[in-house]
Amino acid sequence: MAVKTFPRGGGTIPHRKEATENKAIVVMPAPKEVVIPLQQHLGAPCDALVEVGESVKLGQKIGSGSHVISAAVHASVSGRVKALAKRMLVDGREIQCVIIENDGRDEQVAGKQNETLDGLSPERIRTIVKEAGIVGMGGAGFPTHVKLDVPKPVDTVIINGAECEPYLTCDHRLLVEKSKDVLFGLRAVMKAAKAENGILGIEVNKPDALEAMSELVKDDTNISVVPLQVRYPQGGEKQLIKAVTGREVPSGALPFEVKCLVSNVHTVTAIADALQKGMNLYQRVVTVTGKHIHDPRNVMVRLGTPVRAVIEFCGGMAGNPEAVVAGGPMTGCRIASLDAPVVKTLAGILLLGKDEVSPPLNEPCIRCGRCVDACPMGLTPSMLGFYSEQGMIDGAEALHAMDCIECGLCAFVCPSGRELSDWIKQGKQAITKRNSNK
Ligand code: SF4
Ligand code: SF4
(Lines give C-alpha, C1' and ligand atoms only; values in the text may rest on other atoms or scores of the structure.)
(Ligands and ions follow the chains in the order given, each with its own letter.)
Protein backbone atom coordinates (compact mmCIF):
# COMPACT_ATOMS: atom_id res chain seq x y z
CA MET A 1 0.00 0.00 0.00
CA ALA A 2 1.31 3.46 -0.90
CA VAL A 3 2.21 5.65 2.07
CA LYS A 4 0.46 9.02 1.84
CA THR A 5 1.05 12.45 3.33
CA PHE A 6 0.22 16.14 2.88
CA PRO A 7 2.19 18.27 0.43
CA ARG A 8 3.06 21.53 2.22
CA GLY A 9 5.27 22.30 5.24
CA GLY A 10 5.34 19.91 8.19
CA GLY A 11 8.33 18.31 9.81
CA THR A 12 9.86 15.38 11.62
CA ILE A 13 9.81 15.64 15.39
CA PRO A 14 10.94 13.15 18.04
CA HIS A 15 7.95 10.89 18.73
CA ARG A 16 9.02 9.47 22.13
CA LYS A 17 6.22 6.91 22.24
CA GLU A 18 8.41 3.91 23.19
CA ALA A 19 7.54 3.89 26.89
CA THR A 20 3.83 3.18 26.37
CA GLU A 21 3.11 2.12 22.78
CA ASN A 22 3.45 -1.60 23.48
CA LYS A 23 1.73 -1.70 26.86
CA ALA A 24 -1.90 -2.79 27.17
CA ILE A 25 -4.41 -0.33 28.62
CA VAL A 26 -4.76 -0.68 32.41
CA VAL A 27 -8.05 0.10 34.19
CA MET A 28 -7.67 2.43 37.18
CA PRO A 29 -10.10 1.87 40.07
CA ALA A 30 -12.57 4.72 40.54
CA PRO A 31 -11.46 7.31 43.14
CA LYS A 32 -13.31 8.10 46.37
CA GLU A 33 -14.56 11.37 44.91
CA VAL A 34 -14.98 12.70 41.38
CA VAL A 35 -15.24 16.29 40.15
CA ILE A 36 -17.36 16.48 36.99
CA PRO A 37 -17.07 19.84 35.18
CA LEU A 38 -20.31 21.03 33.56
CA GLN A 39 -18.28 22.14 30.56
CA GLN A 40 -15.91 19.59 29.02
CA HIS A 41 -16.62 20.58 25.44
CA LEU A 42 -16.58 23.41 22.96
CA GLY A 43 -19.82 25.38 23.32
CA ALA A 44 -22.22 26.37 26.06
CA PRO A 45 -21.83 24.91 29.57
CA CYS A 46 -24.46 22.53 30.95
CA ASP A 47 -26.89 23.26 33.75
CA ALA A 48 -26.70 20.87 36.70
CA LEU A 49 -29.60 18.39 36.78
CA VAL A 50 -28.87 17.23 40.34
CA GLU A 51 -28.85 18.82 43.78
CA VAL A 52 -26.55 18.48 46.77
CA GLY A 53 -27.42 15.34 48.77
CA GLU A 54 -29.03 13.55 45.82
CA SER A 55 -28.03 9.97 45.00
CA VAL A 56 -26.76 9.29 41.49
CA LYS A 57 -25.98 6.17 39.49
CA LEU A 58 -22.95 5.45 37.31
CA GLY A 59 -23.64 6.87 33.84
CA GLN A 60 -26.59 9.01 34.99
CA LYS A 61 -26.97 12.32 33.16
CA ILE A 62 -26.13 15.07 35.68
CA GLY A 63 -25.80 18.07 33.38
CA SER A 64 -27.25 19.19 30.07
CA GLY A 65 -27.53 22.39 28.08
CA SER A 66 -30.29 23.76 25.86
CA HIS A 67 -27.85 25.53 23.53
CA VAL A 68 -27.41 23.82 20.15
CA ILE A 69 -23.62 23.53 20.67
CA SER A 70 -23.31 21.75 24.00
CA ALA A 71 -22.85 18.21 25.34
CA ALA A 72 -24.39 16.42 28.33
CA VAL A 73 -22.21 15.21 31.21
CA HIS A 74 -22.71 12.05 33.29
CA ALA A 75 -21.78 10.68 36.69
CA SER A 76 -18.62 8.55 36.52
CA VAL A 77 -19.38 6.78 39.83
CA SER A 78 -22.49 5.95 41.82
CA GLY A 79 -22.88 7.82 45.09
CA ARG A 80 -24.05 11.08 46.61
CA VAL A 81 -23.70 14.61 45.27
CA LYS A 82 -21.47 16.31 47.83
CA ALA A 83 -21.29 19.80 46.33
CA LEU A 84 -21.91 22.00 43.30
CA ALA A 85 -18.94 24.33 43.15
CA LYS A 86 -16.33 25.92 40.91
CA ARG A 87 -13.08 23.98 40.47
CA MET A 88 -9.96 24.63 38.41
CA LEU A 89 -9.44 22.65 35.20
CA VAL A 90 -6.05 21.62 33.79
CA ASP A 91 -5.96 24.78 31.64
CA GLY A 92 -6.54 27.07 34.64
CA ARG A 93 -10.19 27.93 33.94
CA GLU A 94 -12.58 27.87 36.91
CA ILE A 95 -15.68 25.89 35.90
CA GLN A 96 -18.83 24.90 37.80
CA CYS A 97 -18.59 21.20 38.76
CA VAL A 98 -20.69 18.45 40.30
CA ILE A 99 -18.68 16.76 43.06
CA ILE A 100 -19.76 13.19 43.82
CA GLU A 101 -18.78 10.99 46.75
CA ASN A 102 -18.27 7.44 45.44
CA ASP A 103 -20.26 4.78 47.30
CA GLY A 104 -18.12 2.05 45.67
CA ARG A 105 -21.15 0.17 44.32
CA ASP A 106 -20.93 1.22 40.66
CA GLU A 107 -24.70 0.94 40.45
CA GLN A 108 -25.32 1.72 36.80
CA VAL A 109 -28.16 3.26 34.80
CA ALA A 110 -29.64 0.77 32.36
CA GLY A 111 -28.82 1.55 28.73
CA LYS A 112 -30.27 0.02 25.58
CA GLN A 113 -27.89 -2.32 23.76
CA ASN A 114 -27.74 -2.70 19.98
CA GLU A 115 -25.77 -5.59 18.53
CA THR A 116 -25.90 -4.19 15.01
CA LEU A 117 -26.66 -0.89 13.28
CA ASP A 118 -29.47 -2.47 11.23
CA GLY A 119 -32.41 -1.18 13.27
CA LEU A 120 -30.94 2.27 13.89
CA SER A 121 -31.80 5.24 11.68
CA PRO A 122 -29.28 8.08 11.19
CA GLU A 123 -31.45 10.28 13.44
CA ARG A 124 -31.54 7.59 16.17
CA ILE A 125 -27.72 7.23 16.07
CA ARG A 126 -27.31 10.99 16.44
CA THR A 127 -29.77 11.01 19.37
CA ILE A 128 -27.93 8.20 21.18
CA VAL A 129 -24.59 10.00 20.59
CA LYS A 130 -26.11 13.22 21.96
CA GLU A 131 -27.59 11.51 25.02
CA ALA A 132 -24.23 9.81 25.70
CA GLY A 133 -22.47 13.21 25.83
CA ILE A 134 -19.87 12.30 23.21
CA VAL A 135 -17.45 15.00 22.04
CA GLY A 136 -14.27 15.05 19.95
CA MET A 137 -11.89 13.23 22.30
CA GLY A 138 -8.74 14.11 20.36
CA GLY A 139 -8.65 17.45 22.17
CA ALA A 140 -11.11 19.63 20.26
CA GLY A 141 -14.17 18.72 22.34
CA PHE A 142 -16.68 19.64 19.64
CA PRO A 143 -20.05 17.95 20.36
CA THR A 144 -20.18 14.89 18.08
CA HIS A 145 -23.96 14.84 17.54
CA VAL A 146 -23.69 18.33 16.03
CA LYS A 147 -20.82 17.24 13.76
CA LEU A 148 -22.81 14.20 12.58
CA ASP A 149 -25.71 16.45 11.51
CA VAL A 150 -23.85 17.57 8.39
CA PRO A 151 -25.27 20.66 6.65
CA LYS A 152 -24.24 19.34 3.21
CA PRO A 153 -23.96 15.75 1.91
CA VAL A 154 -20.64 14.03 2.62
CA ASP A 155 -19.34 10.94 0.86
CA THR A 156 -16.35 10.02 3.06
CA VAL A 157 -15.80 9.57 6.78
CA ILE A 158 -12.12 9.64 7.79
CA ILE A 159 -10.91 8.26 11.10
CA ASN A 160 -7.84 10.11 12.33
CA GLY A 161 -5.50 7.39 13.51
CA ALA A 162 -2.37 9.45 12.89
CA GLU A 163 -1.80 10.35 16.55
CA CYS A 164 1.09 12.50 15.35
CA GLU A 165 1.72 14.27 18.68
CA PRO A 166 4.82 12.98 20.49
CA TYR A 167 4.33 10.78 23.60
CA LEU A 168 0.60 10.07 23.07
CA THR A 169 -0.33 6.44 22.40
CA CYS A 170 -3.91 6.11 23.69
CA ASP A 171 -5.42 6.04 20.18
CA HIS A 172 -2.75 3.56 19.07
CA ARG A 173 -3.66 1.19 21.90
CA LEU A 174 -7.38 1.52 21.12
CA LEU A 175 -6.71 0.68 17.46
CA VAL A 176 -4.91 -2.49 18.56
CA GLU A 177 -7.08 -3.53 21.53
CA LYS A 178 -10.51 -2.27 20.43
CA SER A 179 -10.21 -2.56 16.66
CA LYS A 180 -13.71 -4.04 16.29
CA ASP A 181 -15.20 -1.14 18.24
CA VAL A 182 -13.28 1.36 16.08
CA LEU A 183 -14.79 -0.27 12.99
CA PHE A 184 -18.29 -0.39 14.51
CA GLY A 185 -17.98 3.31 15.45
CA LEU A 186 -16.78 4.20 11.95
CA ARG A 187 -19.74 2.38 10.39
CA ALA A 188 -22.09 4.19 12.80
CA VAL A 189 -20.66 7.58 11.80
CA MET A 190 -20.96 6.66 8.11
CA LYS A 191 -24.62 5.71 8.64
CA ALA A 192 -25.39 8.84 10.71
CA ALA A 193 -23.77 11.13 8.14
CA LYS A 194 -25.10 9.08 5.20
CA ALA A 195 -21.58 8.71 3.78
CA GLU A 196 -20.74 5.81 1.45
CA ASN A 197 -17.02 5.49 2.16
CA GLY A 198 -14.84 5.14 5.22
CA ILE A 199 -11.07 5.60 5.50
CA LEU A 200 -8.81 4.89 8.45
CA GLY A 201 -5.61 6.96 8.21
CA ILE A 202 -2.84 5.50 10.41
CA GLU A 203 0.82 6.57 10.60
CA VAL A 204 3.29 3.82 9.69
CA ASN A 205 4.95 3.95 13.12
CA LYS A 206 1.96 1.87 14.34
CA PRO A 207 2.43 -1.33 12.28
CA ASP A 208 0.35 -3.46 14.68
CA ALA A 209 -2.57 -1.02 14.41
CA LEU A 210 -2.29 -0.96 10.61
CA GLU A 211 -2.27 -4.76 10.56
CA ALA A 212 -5.21 -5.16 12.95
CA MET A 213 -7.44 -2.70 11.10
CA SER A 214 -6.41 -3.89 7.61
CA GLU A 215 -7.28 -7.49 8.56
CA LEU A 216 -10.73 -6.40 9.80
CA VAL A 217 -11.66 -4.45 6.66
CA LYS A 218 -10.06 -6.76 4.08
CA ASP A 219 -13.46 -7.84 2.70
CA ASP A 220 -15.03 -4.38 2.85
CA THR A 221 -15.43 -2.67 -0.49
CA ASN A 222 -16.24 0.76 0.95
CA ILE A 223 -13.80 0.97 3.91
CA SER A 224 -10.03 1.18 3.48
CA VAL A 225 -6.94 1.64 5.63
CA VAL A 226 -4.43 4.23 4.41
CA PRO A 227 -0.87 4.15 5.80
CA LEU A 228 0.44 7.66 6.48
CA GLN A 229 3.99 9.00 6.59
CA VAL A 230 5.23 9.86 10.10
CA ARG A 231 5.18 13.59 9.70
CA TYR A 232 3.86 16.34 11.95
CA PRO A 233 1.03 17.52 11.85
CA GLN A 234 -0.30 14.55 9.85
CA GLY A 235 -3.36 14.40 12.12
CA GLY A 236 -4.40 18.00 11.38
CA GLU A 237 -7.88 17.76 9.89
CA LYS A 238 -7.01 19.55 6.64
CA GLN A 239 -3.66 17.73 6.30
CA LEU A 240 -5.34 14.36 6.83
CA ILE A 241 -8.08 15.04 4.27
CA LYS A 242 -5.51 16.14 1.70
CA ALA A 243 -3.33 13.07 2.37
CA VAL A 244 -6.06 10.44 2.07
CA THR A 245 -8.44 11.98 -0.51
CA GLY A 246 -6.33 14.59 -2.33
CA ARG A 247 -9.05 17.17 -1.55
CA GLU A 248 -8.10 20.66 -0.34
CA VAL A 249 -10.33 22.28 2.28
CA PRO A 250 -10.48 25.99 1.29
CA SER A 251 -9.41 28.76 3.67
CA GLY A 252 -12.07 29.36 6.31
CA ALA A 253 -14.09 26.29 5.25
CA LEU A 254 -14.95 23.09 7.11
CA PRO A 255 -14.40 19.49 5.89
CA PHE A 256 -18.02 19.04 4.75
CA GLU A 257 -17.30 21.59 1.99
CA VAL A 258 -15.17 18.87 0.37
CA LYS A 259 -17.68 16.12 1.29
CA CYS A 260 -15.62 14.79 4.21
CA LEU A 261 -16.21 14.24 7.91
CA VAL A 262 -13.25 13.54 10.21
CA SER A 263 -13.54 11.79 13.55
CA ASN A 264 -11.03 10.61 16.12
CA VAL A 265 -10.26 7.02 17.17
CA HIS A 266 -11.33 7.46 20.80
CA THR A 267 -14.49 9.28 19.75
CA VAL A 268 -15.64 6.37 17.57
CA THR A 269 -14.93 3.85 20.34
CA ALA A 270 -17.13 5.97 22.63
CA ILE A 271 -19.83 5.90 19.92
CA ALA A 272 -19.48 2.09 19.73
CA ASP A 273 -19.84 1.84 23.53
CA ALA A 274 -22.95 4.05 23.49
CA LEU A 275 -24.63 2.06 20.72
CA GLN A 276 -23.53 -1.48 21.61
CA LYS A 277 -23.48 -1.31 25.41
CA GLY A 278 -25.81 1.62 26.14
CA MET A 279 -22.86 3.32 27.89
CA ASN A 280 -22.74 7.07 28.37
CA LEU A 281 -19.33 8.75 28.24
CA TYR A 282 -17.90 8.54 31.76
CA GLN A 283 -14.36 7.27 31.20
CA ARG A 284 -11.46 7.62 28.80
CA VAL A 285 -7.93 6.35 28.14
CA VAL A 286 -5.13 8.74 29.16
CA THR A 287 -1.44 8.30 28.24
CA VAL A 288 0.66 8.96 31.34
CA THR A 289 4.33 9.22 30.41
CA GLY A 290 7.55 11.27 30.34
CA LYS A 291 10.89 10.96 32.10
CA HIS A 292 9.45 11.77 35.52
CA ILE A 293 6.78 9.08 35.96
CA HIS A 294 7.74 5.76 37.57
CA ASP A 295 5.45 3.52 35.51
CA PRO A 296 4.44 5.06 32.16
CA ARG A 297 1.25 3.48 30.83
CA ASN A 298 -2.12 4.02 29.19
CA VAL A 299 -4.83 4.14 31.82
CA MET A 300 -8.62 3.87 31.54
CA VAL A 301 -9.70 6.61 33.94
CA ARG A 302 -13.12 7.65 35.24
CA LEU A 303 -13.82 11.25 34.21
CA GLY A 304 -13.51 13.58 37.20
CA THR A 305 -10.53 11.70 38.71
CA PRO A 306 -7.89 14.18 39.92
CA VAL A 307 -4.71 14.26 37.80
CA ARG A 308 -2.74 13.74 41.04
CA ALA A 309 -4.50 10.38 41.64
CA VAL A 310 -3.73 9.21 38.08
CA ILE A 311 -0.04 10.05 38.60
CA GLU A 312 -0.05 8.09 41.88
CA PHE A 313 -1.70 5.13 40.13
CA CYS A 314 1.26 5.15 37.73
CA GLY A 315 3.76 4.82 40.56
CA GLY A 316 4.05 8.52 41.31
CA MET A 317 6.55 11.13 40.20
CA ALA A 318 10.18 10.14 39.71
CA GLY A 319 12.07 13.24 40.82
CA ASN A 320 10.92 16.72 39.96
CA PRO A 321 9.50 17.26 36.47
CA GLU A 322 10.33 20.49 34.71
CA ALA A 323 6.76 20.59 33.39
CA VAL A 324 3.55 18.58 33.80
CA VAL A 325 1.65 18.90 30.54
CA ALA A 326 -1.97 18.17 29.63
CA GLY A 327 -2.34 16.66 26.14
CA GLY A 328 0.62 16.52 23.77
CA PRO A 329 3.72 18.70 23.99
CA MET A 330 3.00 20.50 20.69
CA THR A 331 -0.60 21.56 21.33
CA GLY A 332 -1.13 20.94 25.06
CA CYS A 333 -0.67 23.23 28.04
CA ARG A 334 1.10 23.13 31.38
CA ILE A 335 -1.28 21.71 33.98
CA ALA A 336 -2.49 24.53 36.23
CA SER A 337 -3.27 22.28 39.21
CA LEU A 338 -2.68 18.58 39.92
CA ASP A 339 -6.08 18.57 41.64
CA ALA A 340 -7.76 19.36 38.30
CA PRO A 341 -10.01 16.53 37.06
CA VAL A 342 -9.55 14.33 34.00
CA VAL A 343 -12.04 15.47 31.35
CA LYS A 344 -13.32 14.04 28.04
CA THR A 345 -10.61 15.78 25.98
CA LEU A 346 -7.55 14.93 28.12
CA ALA A 347 -5.48 12.49 26.06
CA GLY A 348 -2.22 12.73 27.99
CA ILE A 349 -0.51 13.63 31.25
CA LEU A 350 3.20 14.18 30.54
CA LEU A 351 5.80 14.58 33.27
CA LEU A 352 8.69 16.06 31.35
CA GLY A 353 12.33 16.58 32.24
CA LYS A 354 14.49 19.63 31.52
CA ASP A 355 15.83 18.15 28.30
CA GLU A 356 12.28 17.43 27.06
CA VAL A 357 11.07 21.01 27.42
CA SER A 358 12.37 23.99 25.43
CA PRO A 359 12.01 27.14 27.49
CA PRO A 360 10.98 30.22 25.46
CA LEU A 361 14.01 32.38 24.63
CA ASN A 362 12.24 35.04 22.61
CA GLU A 363 15.47 36.22 20.99
CA PRO A 364 15.07 38.54 18.00
CA CYS A 365 13.94 37.00 14.72
CA ILE A 366 16.96 36.30 12.47
CA ARG A 367 14.78 35.95 9.36
CA CYS A 368 15.92 32.41 8.69
CA GLY A 369 12.53 31.45 7.23
CA ARG A 370 12.36 28.07 9.00
CA CYS A 371 8.92 28.80 10.45
CA VAL A 372 7.61 29.68 6.97
CA ASP A 373 9.02 26.47 5.48
CA ALA A 374 7.50 24.39 8.29
CA CYS A 375 4.01 25.89 8.37
CA PRO A 376 1.57 23.28 6.98
CA MET A 377 -0.96 26.01 6.23
CA GLY A 378 1.39 28.07 4.06
CA LEU A 379 1.36 31.04 6.47
CA THR A 380 4.14 33.42 7.54
CA PRO A 381 4.37 32.67 11.27
CA SER A 382 7.21 35.17 11.85
CA MET A 383 5.00 38.08 10.79
CA LEU A 384 1.82 36.65 12.26
CA GLY A 385 3.60 36.21 15.59
CA PHE A 386 4.93 39.76 15.47
CA TYR A 387 1.53 41.30 14.66
CA SER A 388 -0.26 39.20 17.27
CA GLU A 389 2.27 39.95 20.01
CA GLN A 390 2.03 43.68 19.25
CA GLY A 391 -1.79 43.57 19.32
CA MET A 392 -1.90 44.56 15.61
CA ILE A 393 -4.78 42.23 14.88
CA ASP A 394 -5.80 43.82 11.56
CA GLY A 395 -2.35 42.89 10.23
CA ALA A 396 -2.62 39.38 11.65
CA GLU A 397 -6.08 38.91 10.14
CA ALA A 398 -4.88 40.15 6.74
CA LEU A 399 -2.16 37.47 6.84
CA HIS A 400 -4.81 34.78 7.44
CA ALA A 401 -4.18 34.20 11.15
CA MET A 402 -7.55 32.43 11.35
CA ASP A 403 -6.17 29.68 9.08
CA CYS A 404 -3.57 28.76 11.72
CA ILE A 405 -4.33 25.27 13.06
CA GLU A 406 -2.26 25.91 16.23
CA CYS A 407 0.03 22.96 15.55
CA GLY A 408 2.99 24.65 17.29
CA LEU A 409 5.50 23.60 14.62
CA CYS A 410 6.65 27.18 13.89
CA ALA A 411 7.69 27.66 17.53
CA PHE A 412 9.31 24.21 17.60
CA VAL A 413 11.61 24.96 14.64
CA CYS A 414 12.44 28.59 15.54
CA PRO A 415 16.16 28.89 16.45
CA SER A 416 15.38 32.09 18.36
CA GLY A 417 12.91 30.26 20.61
CA ARG A 418 10.11 32.66 19.78
CA GLU A 419 6.69 31.76 21.19
CA LEU A 420 5.11 32.15 17.77
CA SER A 421 2.20 29.75 18.11
CA ASP A 422 1.17 31.10 21.55
CA TRP A 423 1.16 34.65 20.20
CA ILE A 424 -0.78 33.65 17.09
CA LYS A 425 -3.32 31.79 19.24
CA GLN A 426 -3.81 34.94 21.32
CA GLY A 427 -4.10 36.98 18.11
CA LYS A 428 -6.82 34.62 16.85
CA GLN A 429 -8.73 34.96 20.11
CA ALA A 430 -8.52 38.78 19.84
CA ILE A 431 -9.75 38.69 16.22
CA THR A 432 -12.68 36.42 17.16
CA LYS A 433 -13.63 38.69 20.07
CA ARG A 434 -13.36 41.84 17.97
CA ASN A 435 -15.41 40.34 15.11
CA SER A 436 -18.13 39.04 17.44
CA ASN A 437 -18.59 42.58 18.83
CA LYS A 438 -18.94 44.16 15.37
S1 SF4 B 1 1.02 27.06 14.66
FE2 SF4 B 1 -0.09 28.04 12.97
S3 SF4 B 1 1.37 29.43 12.05
FE4 SF4 B 1 2.54 27.99 13.32
S5 SF4 B 1 3.15 26.34 11.92
FE6 SF4 B 1 1.21 25.71 12.85
S7 SF4 B 1 -0.37 26.44 11.43
FE8 SF4 B 1 1.52 27.52 10.91
S1 SF4 C 1 12.01 30.63 12.56
FE2 SF4 C 1 12.17 32.22 14.15
S3 SF4 C 1 14.03 33.31 13.62
FE4 SF4 C 1 13.46 32.12 11.80
S5 SF4 C 1 12.17 33.51 10.58
FE6 SF4 C 1 10.80 32.37 11.88
S7 SF4 C 1 10.54 33.70 13.69
FE8 SF4 C 1 12.35 34.39 12.63
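Further up the page is the structure itself.
Let me sum up the structure you'll find in this document.

Conventions and cut-offs
- Residues numbered from 1 in each chain as written.
- Chains lettered and ligands numbered in written order.
- Predicted model: local features only at pLDDT ≥ 70, side-chain atom pairs only at ≥ 80, totals over all residues.
- Axes fitted to C-alpha atoms, helices over the stretch in contact; angles between N-to-C directions.
- Helix = DSSP H or I, 4+ residues; strand = E, 2+ residues; numbered from the N terminus.
- Parallel < 35°, antiparallel > 145°, perpendicular 65-115°, else oblique.
- Contact = placed C-beta atoms within 7 Å.
- Nonpolar A, V, L, I, M, F, W, Y, C, P; charged D, E, K, R; others polar.
- Core = buried A, V, L, I, M, F, W, Y, C linked by C-beta atoms within 7 Å.
- Buried ≥ 20, exposed ≤ 12 C-beta atoms within 10 Å, placed from the backbone.
- Pairing = 2+ DSSP bridges.
- Near = placed C-beta within 6 Å.

Quick look at the packing of helix α4 (residues 179-193) against helix α7 (residues 265-277)
Running from N to C, α4 and α7 cross one another at 85°; their axes reach a closest spacing of 7 Å. Comparing their axes, α7 and α4 come out roughly perpendicular. Across the interface between the two elements, Asp-181, Val-182, Phe-184, Gly-185, Leu-186, Ala-188 and Val-189 from α4 touch Val-265, Val-268, Thr-269, Ile-271, Ala-272, Leu-275 and Gln-276 from α7. When its residues are assigned to classes, the contact of α4 with α7 shows ten nonpolar, three polar and one charged.

Regarding the nonpolar core
One finds Ile-36, Leu-186, Val-189, Ile-271, Val-286 and Val-310 to be the most contacted residues of the largest nonpolar core, which totals 127 residues. The element that contributes the greatest number of residues to this core is α4, accounting for nine residues. In contact with Leu-186, not counting residues within four places along its chain, are Val-157, Ile-159, Gly-198, Leu-200, Ile-223 and Val-268.

Some details on the sheet that holds strand β13 (residues 283-289)
One open sheet holds the six strands; their spatial order is β1-β14-β13-β17-β15-β16, and the pairing between them is mixed. Of all the strands in the sheet, just β1 (26-27) and β16 (333-334) have a single pairing partner and so form its edges. Against the sheet, helix α3 (residues 170-177) engages β13 and β14 (297-302), with an angle of about 125° to β13.

Section: the environment of Ala-326
Here Ala-326 lies in strand β15 (residues 323-326). Note: C-alpha distance between Ala-326 and Val-288 (38 residues apart in sequence) is 9.7 Å. If we skip the residues at most four places from it in the chain, Ala-326 touches Val-90, Asp-91, Gly-332, Cys-333, Ile-335, Leu-346 and Ile-349.

Side note on the site of ligand 2
Taken together, 14 residues lie near ligand 2, and Cys-365, Cys-368, Cys-371, Ser-382 and Cys-414 sit nearest. Each residue belonging to the shell around ligand 2 can be placed in one class, and the counts come to eight nonpolar, three polar and three charged.

A word on the site of ligand 1
The environment of ligand 1 is formed by 17 residues, the closest being Cys-375, Cys-404, Cys-407, Cys-410 and Ser-421. Elements that contribute at least two residues to the shell around ligand 1 include exactly α10 (381-389), α12 (409-413) and α13 (420-436). Here the residues of the shell around ligand 1 sort into 14 nonpolar, two polar and one charged.

Side note on the sheet that holds strand β11 (residues 223-228)
On the basis of which strands lie adjacent, the open sheet formed by four strands has the order β11-β10-β9-β12 and parallel pairing. Each having just a single partner strand, β11 and β12 (260-264) make up the two edges of the open sheet. On average, each strand axis in the sheet is tilted by 25° relative to the strand beside it, whichever way the strands run. Where strand β10 (residues 197-203) meets β11, six bridges bridge the pair, whose relative direction is parallel. Across the sheet, residue Glu-203 finds its bridge partner in β11, namely Leu-228.

Observations regarding the pairing of β13
Extensive coverage of β13 is indicated by the burial of seven of its seven residues. Going residue by residue along β13, you find Gln-283, Val-285, Thr-287 and Thr-289 tucked away on one face and Arg-284, Val-286 and Val-288 tucked away on the opposite face as well. As paired strands, β13 and β14 are joined by six bridges and run antiparallel to one another. Residue Thr-287 lies in a different strand from β14, and its bridge partner there is Asn-298. Inspection of the sheet shows β13 paired to strand β17 (residues 348-352) by three bridges, in the parallel sense. Looking across to β17, one finds that Thr-287 is bridged to Gly-348.

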